[in-house]
Amino acid sequence: MIKIENIHKKFGKVEVLKGVDLHIGTPGIHAILGPNGSGKTTLIKSILGLVIPDKGSIKINGNNISHQWKYRKNIDYLPQIAQFPNNLKVSELLNLIKDLRNQNTRDQDLIKLFELTPFLNKKLGHLSGGTRQKVNIVLAFMCDSPLMILDEPTTGLDPLSTIHLKELLKTATKNGKTILITSHIMSFVEENADEIVFLMDGKIYFKGSTATLKKNTGMNNLEAAIAELLKENHA
Amino acid sequence: MLKILKYSFYDLVRSRWSLIYFAFYITLGFVLLFLNNDISKSVITLMNIIIVLTPLIATLLGIMYYYNSREFIELLLAHPMKRSAIFIGQYLGLSISLSISLILGLGIPFLIYGVLISTVIFDFLTLILVGTFLNFIFVALAYNIALSNENKIKGFGYAILLWLFLAVIYDGLLLTLLVVFDDYPLEKTALMGSVLNPIDLSRILILLKLDISALMGYTGAIFKNFFGNSMGMLMAFAILLVWVVLPVGRIVQIAKRKDF
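Everything in this summary refers to the structure shown in the same document. Given the structure is predicted, the values throughout are model-derived calculations rather than measurements. Positions within a chain are numbered from 1, following the residues in the order the chain's sequence is written. Lettering for chains starts from A, numbering for ligands starts from 1, and both go in the order in which the items are written. Reporting of local features is limited, given that this is a predicted model, to residues whose pLDDT is at least 70; pairs of side-chain atoms are given and counted only at 80 or more, and all residues count toward the totals for whole chains, interfaces and linings. Side-chain descriptors were evaluated using all non-hydrogen atoms of the structure, hydrogens and water having been removed beforehand.

## Let's talk about the overall build of chain B
Phase 1 of the analysis: Helix and strand assignments come from DSSP, with helices taken as H or I runs of at least 4 residues and strands as E runs of at least 2, each series counted from the N terminus. Regarding its fold elements, chain B presents eleven helices and zero strands.
Phase 2 of the analysis: In sequence order, chain B lays out its α and β elements as α-α-α-α-α-α-α-α-α-α-α.
Phase 3 of the analysis: We take the radius of gyration over the C-alpha atoms and set the globule estimate at 2.2 Å times the residue count to the 0.38 power. Its C-alpha atoms give chain B a radius of gyration of 19 Å, within 12% of the compact-globule value 18 Å for 260 residues.
Phase 4 of the analysis: Summarising its shape, the C-alpha atoms of chain B cover approximately 60 × 45 × 30 Å along the three principal directions.
Phase 5 of the analysis: Throughout, exposure labels follow a simple rule: accessible area from a 1.4 Å probe, protein chains only, divided by the maximum for the residue type, with under 20% read as buried, over 50% as exposed, and the rest as partly exposed. Within chain B, the proportion of its 260 residues that are buried is 53%.
Phase 6 of the analysis: Here, two residues are considered to be in contact whenever any of their heavy atoms come within 4.5 Å of each other. Put simply, of all contacts in chain B between residues at least 6 apart along the chain, 81% involve residues at least 24 apart.
Phase 7 of the analysis: Looking at chain B as shown, the accessible area adds up to about 12,000 Å², and 73% of this sits on carbon and sulfur atoms. To measure how exposed things are, a 1.4 Å probe is used in the Shrake-Rupley method; for residues, cover is taken only from the protein chains shown.

## A short note on the interface of chain A and chain B
Interface size is commonly expressed as the accessible surface area that is lost when the partners come together.
Phase 1 of the analysis: Taken together, the contacts link 30 residues of chain A with 24 residues of chain B.
Phase 2 of the analysis: For the pair chain A and chain B, the summed buried area comes to about 2,700 Å², and 61% of that belongs to carbon and sulfur atoms.
Phase 3 of the analysis: Defined here as a combined quantity, buried area equals the accessible surface (1.4 Å probe) lost by two parts on assembly, summed across both. For the chain A face of the interface with chain B, the top three residues by lost area are L50, W69 and L100 of chain A, together amounting to 23%.
Phase 4 of the analysis: The term salt bridge refers to a pairing of a side-chain nitrogen on Lys or Arg with a carboxyl oxygen on Asp or Glu at a separation within 4 Å. Applying the counting rule to chain A against chain B returns two salt bridges.
Phase 5 of the analysis: With its nearest N and O atoms 2.6 Å apart, the salt bridge here joins K9 of chain A to D259 of chain B.
Phase 6 of the analysis: What qualifies as a polar contact is a pair of N or O atoms within 3.5 Å, subject to a donor-acceptor requirement within protein and to the restriction that residues adjacent in sequence count only when both atoms come from side chains. Our count for the chain A to chain B interface comes out at twelve residue pairs in polar contact (both at pLDDT 80 or more).
Phase 7 of the analysis: For the side of chain A that touches chain B, the element with the highest residue contribution is helix 2 (residues 90–101) of chain A, accounting for eight residues.
Phase 8 of the analysis: Gly is put with the polar residues, along with every residue not named as nonpolar or charged; the nonpolar set is Ala, Val, Leu, Ile, Met, Phe, Trp, Tyr, Cys and Pro, and the charged set is Asp, Glu, Lys and Arg. Along the lines of polarity and charge, the residues of the side of chain A that touches chain B split into 16 nonpolar, six polar and eight charged.

## Quick notes on unusual backbone geometry
Residue and element names in this part refer to chain A.
Phase 1 of the analysis: In this structure, N102 is a non-glycine residue whose phi angle is positive, near 55 degrees.
Phase 2 of the analysis: As for its placement among the helices and strands, N102 is situated in the loop between helix 2 and helix 3 (107–113).
Phase 3 of the analysis: Taking the relative accessible area as the measure of exposure, N102 reaches 62% and is therefore exposed.
Phase 4 of the analysis: Look at E152: it is not a glycine, yet its phi comes out positive at around 50 degrees.
Phase 5 of the analysis: Mapped onto the secondary structure, E152 falls in the loop between strand 7 (147–151) and helix 5 (159–174).

## Overview of the packing of aromatic side chains
Residues and elements named next belong to chain B.
Phase 1 of the analysis: Pairing of aromatic side chains here covers Phe, Tyr and the six-membered ring of Trp, requires ring centres within 6.5 Å, and sorts the geometry by plane angle: under 30 degrees stacked, over 60 edge-to-face, intermediate tilted. Considering all chains together, one arrives at twelve aromatic pairs over all chains under this definition.
Phase 2 of the analysis: Judged by centre distance (6.4 Å) and plane angle (35 degrees), the ring pair of Y67 and F156 falls under tilted. Placement of the pair is Y67 in helix 3 (residues 39–68) and F156 in helix 7 (residues 152–180), with a sequence separation of 89 residues.
Phase 3 of the analysis: Residue classification places F156 among the partly exposed positions, given a relative accessible area of 27%.
Phase 4 of the analysis: Ring geometry for F165 and Y170: centres 5.9 Å apart, planes at 85 degrees, overall edge-to-face.
Phase 5 of the analysis: The class for F165 is partly exposed, based on a relative accessible area of 33%.

## Examining the environment of S8 of chain B
Residue and element names in this part refer to chain B.
Phase 1 of the analysis: Its place among the elements puts S8 in helix 1 (residues 2–13).
Phase 2 of the analysis: Along the sequence, S8 and Y65 sit 57 residues apart, while their C-alpha atoms lie 9.8 Å from each other.
Phase 3 of the analysis: Contacts of S8, omitting those with residues within four sequence positions, involve Y65, G89, Q90 and G93.

## Description of the environment of G131 of chain B
Residue and element names in this part refer to chain B.
Phase 1 of the analysis: Relative to the helices and strands, G131 is located in helix 6 (residues 121–148).
Phase 2 of the analysis: Note on G131: relative accessible area 0%, which makes it buried.
Phase 3 of the analysis: Between the C-alpha atoms of G131 and I50, which are 81 residues apart in sequence, the distance is 6.4 Å.
Phase 4 of the analysis: Residues in contact with G131, not counting those within four places in the same chain, are I50, T54 and L102.

## Some points on helix 4 (residues 70–77) of chain B
Phase 1 of the analysis: Across the eight residues of helix 4 of chain B, seven count as buried, placing the element largely inside the fold.
Phase 2 of the analysis: Along helix 4 of chain B, the residues classified as buried are R70, F72, I73, E74, L75, L76 and L77 of chain B.

## Regarding the pattern of salt bridges
All names here are of chain A.
Phase 1 of the analysis: One pass over the structure, following the stated rule, counts 16 salt bridges over all chains.
Phase 2 of the analysis: Here D144 makes a salt bridge to K177, at a shortest N to O gap of 2.7 Å. Residue D144 is located in the loop between helix 4 (129–141) and strand 7, and its partner K177 is located in the loop between helix 5 and strand 8 (178–182); the two are separated by 33 residues in the primary sequence.
Phase 3 of the analysis: Owing to a relative accessible area of 41%, D144 belongs among the partly exposed residues under this scheme.
Phase 4 of the analysis: Given the relative accessible area of 5%, K177 is considered buried.

## Notes on the side chain of D123 of chain B
All names here are of chain B.
Phase 1 of the analysis: Locating D123 in the fold gives a position in helix 6.
Phase 2 of the analysis: Judged by relative accessible area, D123 falls into the buried class, the value being 12%.
Phase 3 of the analysis: In contact with D123, not counting residues within four places along its chain, are V43, K209 and L210.

This is how it looks when you write it as structure tokens:
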């Protein structure tokens, strides 16, 4: 599905990605983990075409995505910071995205699920951070695309909404979707991810299941295993 | 592109800034007409305001709008949309909403005071047209600056400098040049110099329309000669158009290569 070959990216003097090779072929939840500044978001944005790599190629379903835009029809994206035009109402934003994508959507169910009905006629500028994130999630999940990319989806969510999010992720995997997630909340990753991609200093250090990672590091939970991985690499 | 244009436009039309801007022009229009009680005099006063203020507001709002919608642009870019469509859509949305504030804000008071049956209707239309051009030019320039500068403070700084340069410093430099080389025939230089700056060009266009170029002496006569006929007028508007097209072209170019 996604084939990334040897991508490099520099921002000014800082080299963020130093030759990342990644092949994601199976459906399921793939968690991209790594310390702050390891290049997770840059990697995700390269797949979306938001960041243009200096070198290397990214293919989705066999097609090179460089300077293309139509392939994004098959991708749903949840950005890290939920910022929208302050003057638009929630319903107008939803309509805008529906209008842009021209696809069948299931926004009504999601609005009910996240209890957003009372906010539909409020301006986005007047919403709290958590409510904005809920709107963000509705936008990301409403289109039902085969590939989903979620950047820190749990930020600012209350426990109930986090549970709803997990349920949504479960149904999505059942429906055979490929999901890429970045998160710093290890319990969330441990509970949900089928595969872990560990990124550090712009390179992939580990790719495999949580069980393998725990076995390799000799730890019995993911948080400790990741910490061990970090220590090993710093030593 | 049209969808983005539509939404930016709605977003802007309801924003406080467009309303303040509209209210400013409508008050200005009524106050000027009330105080002058003469439409053609009001047009001259208005010219001086429009020529300095429209570029300033367009530059500032252009910069502000881009930086404010940065995350939203990111959101849009993740959808199946062409990059150039997003930026051109936003650019047009902003330029059009500013122009509507200008056209309605000044149009309403002047219509009420009977500009349609006055002799200065064409002067007034030129003034509005030039103001609209200035909106499109300076929003495009502001977008260029904003796209090239991630740092907001720098972006604002450059934008204000650009406005200051074209609105004030440029004239000063040109004038100094003319004074220093007083002994040489400088009519052509003066003409060229003025044509290359959209603010100067707009001022001259209106002044010549208003037939007060006699006040400008020999150079004025040269200008009158150049712009007075339809050919010169056409060329002046063509140059204003180039001032729109070039920066817009650069917006598309930068947008293609930029990382978000």
